[in-house]
Amino acid sequence: MSLARPRSVLSAACLSGLAAVALAGTAAQAEVREQRPPCTPGATANCLPLVITLAAPDGWREDFAESARRGVQLFLPKASSFRDAPALIYAKVRPNASGADLKAWLANSNAKWIAAHPDARIEPVETVAARPGIGTVAIERYVSPSLRDQPAELSATFFESAPDGRSYSVQLVLSGLSDKAIAGAVPAFKAMLSSYAGASATKP
C-alpha cells in the first residue's frame, strides 16, 4: 500500500478519531470481522471492509481517522502523527478466495510489488509457528529505496479463518523511514504479532 505522507499538518478534525488502548488482545479473542456498516461505493477513497481484533502495544495508539482513510488498521507511537512518525505499524486483511497456500500467496504478492517497484528487494527473514487456526507466519524484509515514505519494512504474513469458515490473508507490517526507525519499533511489532497470532519472532 502507499504510505505517502502529507507535508501539511493534519487538522484537529482529522485527528478526532484517535484513541489509545492498552495491550489487551489475546489469541483466544483474535478473529477477522467485517466492519458494520459494510463498505459502499464512494463511501471513502480506501474503505476498510475487514479488520482483526488487534490492540496497540504500550506507547502506541490506533489512528482511526487514518485507518479509514487508507484502508488499513494503522498504529502510531503516541507522540507522533501519521505525517511525522519515524515508524508505524499497519495491518491489512484480504480474502483468500483462491484458497492459495502461504507460499503461493507470497510469491504472487511479492511479484506484484517488484513489478510496481523495480528497485525493491524482498528478503525472507524467518518462518515461525503460530497459534492453532493460523499455523505459520512468514516474516520478510522489504527494501524499496525509491519510496521516500516507506523505504524499509518488516512484514509478517499469515492466514486466518473467520467464524464462517472463509480464509483471509493478514499482513502485519512495520514500516519505517530508516533502518534505525525500524529497529526502534521492532519490540512493538513483535508484541503485536505475539498478542494476535501467538507467534514469537526471533529475528531481526
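Chains are numbered independently. Their residues run from 1 in the order of the written sequence. Residue-level local features of this predicted model are given only where pLDDT is at least 70; pairs of side-chain atoms are given and counted only at 80 or more, and the full residue set underlies all totals for whole chains, interfaces and linings. Each side-chain value is worked out from all heavy atoms of the structure, with water and hydrogens disregarded.

Trainee: Hey, could you go over the overall build of the protein chain for me, with residue numbers and the actual values?
Mentor: Numbering goes from the N terminus for both helices and strands, where a helix is a DSSP run of H or I of at least four residues and a strand is a run of E of at least two. Per the secondary structure count, the protein chain includes three helices and 10 strands. Listed N to C, the secondary structure of the protein chain is β-β-β-β-α-β-β-α-β-β-β-β-α in terms of helices and strands. Only protein chains enter the area calculation, which uses a 1.4 Å probe; residues under 20% of their type maximum are buried, those over 50% are exposed, and those in between are partly exposed. Burial statistics for the protein chain: of 204 residues in total, 48% are counted as buried. Here the analysis covers contacts within the protein chain between residues at least 6 apart in sequence; of these, 56% occur between residues at least 24 apart. A contact between two residues is defined here by any heavy atoms of the two lying within 4.5 Å.

Trainee: Explain the pairing of strand β5 (residues 73-77) residue by residue, including any values.
Mentor: Most of β5 sits inside the fold, with five of its five residues counted as buried. By definition, two strands form a pair when at least two bridges between them are found by DSSP. Across three bridges, strand β4 (residues 60-63) lies against β5 in antiparallel orientation. Following the sheet pairing, Trp60 is matched in β5 by Pro77. Where β5 lies against strand β6 (residues 87-95), three bridges are found, and the strand directions are antiparallel. For Phe75, the partnering residue across the bridge sits in β6 and is Ile89.

Trainee: Now, about the environment of Asp58: what can you tell me, with residues and values included?
Mentor: Mapped onto the fold, Asp58 is located in the loop between β3 (50-52) and β4. According to the relative accessible area criterion, Asp58 is exposed, its value standing at 67%. Taking the C-alpha atoms as reference, Asp58 lies 9.0 Å from Pro77; in sequence the two are 19 residues apart.

Trainee: Tell me about the confidence of the model for the protein chain, and please be specific about residues and values.
Mentor: In low-pLDDT segments, the atomic positions of the prediction should not be examined closely. Scored between 0 and 100, pLDDT is the confidence that the predictor attaches to each residue. Overall, the predicted model of the protein chain reaches an average pLDDT of 79, with 75% of residues at or above 70. Here residues 5-29 is modelled with pLDDT under 50, and outside its nearest four sequence neighbours on either side it reaches 51 contacts, counting other chains as well.

Trainee: Residue-level account of the environment of Leu147, with values.
Mentor: By the element assignment, Leu147 lies in the loop between β8 (136-143) and β9 (152-161). In this structure the C-alpha to C-alpha distance between Leu147 and Leu177, which are 30 residues apart in sequence, comes to 9.4 Å. Not counting the four nearest positions on each side in its chain, Leu147 is found in contact with Trp113 and His117.

Trainee: If you had to explain helix α2 (residues 102-116) to someone new, which residues and values would you point to?
Mentor: Helix length check: α2 (15 residues) gives 21 Å between terminal C-alpha atoms against 21 Å at 1.5 Å per residue, within 8%. For α2, every residue scored as buried is listed here: Leu102, Trp105, Leu106, Ser109, Asn110 and Trp113. For α2, the angular spread of buried residues about the axis comes to 115 degrees, placing them on one side. Exposed and facing more than 90 degrees away from the buried side of α2 are Lys103, Lys112 and Ala115. To estimate how far a helix should reach, multiply one less than its number of residues by 1.5 Å. Our arc is simply the arc of the directions from the helix axis toward the C-beta atoms.

Trainee: I'd like a description of the pattern of salt bridges, backed by residues and values.
Mentor: Here, a salt bridge means any side-chain nitrogen of Lys or Arg that lies within 4 Å of a carboxyl oxygen of Asp or Glu. Under the definition given, this model contains seven salt bridges. Salt-bridge contacts for Glu123 lead to Arg121; the nearest nitrogen and oxygen are separated by 2.6 Å. Residue Glu123 is classed as partly exposed on the basis of its relative accessible area of 27%. Where Glu160 meets Arg131, a salt bridge forms, and the shortest distance between an N and an O atom there is 2.4 Å.

Trainee: Talk me through the side chain of Asn96; I want residue IDs and the actual numbers.
Mentor: Mapped onto the elements, Asn96 comes out in the loop between β6 and α2. In this structure Asn96 comes out as buried when scored by relative accessible area, which is 6%.

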